[in-house]
Amino acid sequence: MCAHHNIQQTTDNWKEVEEFAKKALPGQIIEFIEECKKEANPESKLIKILQLVQEHYGFLGKTQMDAVAQLLQVPMAKVSGVATFYHFFRLVPRGKYLIRVCLGTACYVKGAERVVDKLKEELGIQFGETTKDGLFSLEGTRCLGCCGLAPVVEINEEIFGQVTPDKIPAILEQYSEKETEAQ
Ligand code: FES
């Protein structure tokens, strides 16, 4: 018997491959992959497939990438190679709170850079990363349209204006505390 983690890419255990993939991916993506396989060069559809997976889950997990590799019958190394090469693919789930720091001109002039440095220091992450506890992700963004409040930081839907580095710990604490209360 073939264990799930040891599925070989051969047609004689196709049922098992399919079964494994069905648990990992939604039906419409499996159907799309089936369509791609009928084409002359299915690999050329890899980016499109991974985009669909990311749209569905918000990121590309190992299990999902594995299922894509199995169904499309391309090596996992190829799938993860594509996933890591393109910056628009996210390999870790987005944090519960998305912190977006405005990098527009008005905010920049008023010291957004120092705010960014403080956020990176407090959270221990860079742009595009998520804290280990899954709470915060950090990103830069274009003008948020409230330049009068510069420098501006947005956390999920909430806007913080005239942010200075020394205000950062208290702002972050509001969110960490919400979590502790919710537990
Ligand atoms: S430049 Fe930051 S809100 Fe406009």
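What comes next is a walk through the structure.

## Side note on helix α2 (residues 27-37)
Helical periodicity: at 3.6 residues per turn, an α-helix aligns residues three or four positions apart in one direction. Considered for burial, the residues of α2 that qualify are I29, I30, I33 and C36. The buried residues of α2 occupy an angular sector of 115° when projected down its axis, which confines them to one face. Exposed side chains of α2 directed beyond 90 degrees from the buried face belong to Q28 and E31. Close packing links the buried residues of α2 with α1 (14-24), α3 (46-57) and α4 (62-72).

## Observations concerning the packing of α1 against α4
Here α1 crosses α4 at 145°, and the two axes come no closer than 9 Å. Here the hand of the crossing between α1 and α4 comes out left-handed. Contacts from W14, V17, E18, F20, A21 and A24 in α1 reach T63, Q64, D66, A67, Q70 and L71 in α4. Tallied by class, the residues present in the contact of α1 with α4 amount to seven nonpolar, three polar and two charged.

## Here we look at the pattern of salt bridges
Per the counting criterion, the structure on display carries eleven salt bridges. The salt bridge partner of K78 is E43, with a shortest N-O separation of 3.5 Å. Here K78, found in helix α5 (residues 76-85), pairs with E43, found in the loop between α2 and α3; they are 35 residues apart in sequence, far enough to count as distant. Judged by its relative accessible area of 36%, K78 is partly exposed. According to the relative accessible area criterion, E43 is partly exposed, its value standing at 34%. As a salt-bridge pair, E121 and K118 come within 3.8 Å of each other at their nearest N and O atoms. Remark: K118 and E121 occur in helix α7 (residues 112-123); sequence separation between them is three residues, near one turn of the helix. Beyond isolated ion pairs, a larger network of salt bridges with shared partners links R90, R94 and E139.

## A closer look at the nonpolar core
Counting 26 residues, the largest nonpolar core has L25, I33, L50, V68 and L71 as its most contacted members. Those elements that provide at least two residues to this core are α1, α2, α3, α4 and α5. The leading source of residues in this core is α4, at six residues. Look past the residues within four positions of V68 in its chain and what remains in contact with it is L25, I33, L46, I49, L50, V53 and Q73. Of all hydrophobic cores here, the second largest spans 19 residues; its members include V115, L119, L138 and Y175.

## Focus: the environment of T63
Considering the arrangement of structural elements, one finds T63 in helix α4. Counting along the chain gives 55 residues from T63 to K118, while the straight-line C-alpha distance between them is 35 Å.

## A closer look at α3
The terminal C-alpha atoms of α3 lie 16 Å apart, and with twelve residues this matches the ideal 16 Å at 1.5 Å per residue to within 8%. Looking only at α3, the buried set comprises L46, I49, L50, V53 and Q54. Along the axis of α3, the buried positions cluster into a sector of 135°, meaning they face one direction only. Looking at the buried side of α3, the elements it contacts are α2, α4 and α5.

## As for the environment of V153
Here V153 is to be found in strand β3 (residues 153-155). C-alpha of V153 to C-alpha of V163: the two residues are ten residues apart in sequence and 7.1 Å apart in space. Leaving out residues up to four positions away in the same chain, V153 has contacts with I99, R100, V101, V115, E158, I159, F160 and V163.

## Comments concerning the pairing of strand β1 (residues 97-102)
Counting buried positions along β1 yields five of six residues, so the element is predominantly enclosed. Two strands pair when backbone bridges link them, and β1 and strand β2 (residues 136-141) are joined in this way by six bridges, in the parallel orientation. What sits directly across from C102, in β2, is T141. Bridge analysis of β1 against β3 gives three bridges, and the strand direction is antiparallel. Bridged to V101 within β3 is V153.

The rules we used
- Residues numbered from 1 in each chain as written.
- Predicted model: local features only at pLDDT ≥ 70, side-chain atom pairs only at ≥ 80, totals over all residues.
- Heavy atoms only, no water.
- Buried < 20%, exposed > 50% of the residue type's maximum accessible area, 1.4 Å probe, protein only.
- Helix = DSSP H or I, 4+ residues; strand = E, 2+ residues; numbered from the N terminus.
- Arc of directions from axis to C-beta.
- Contact = heavy atoms within 4.5 Å.
- Axes fitted to C-alpha atoms, helices over the stretch in contact; angles between N-to-C directions.
- Left-handed = near helix turned anticlockwise from the far one by under 90°.
- Nonpolar A, V, L, I, M, F, W, Y, C, P; charged D, E, K, R; others polar.
- Salt bridge = Lys/Arg side-chain N within 4 Å of Asp/Glu carboxyl O.
- Core = buried A, V, L, I, M, F, W, Y, C linked by side-chain atoms within 4.5 Å.
- Expected span 1.5 Å × (residues − 1).
- Pairing = 2+ DSSP bridges.

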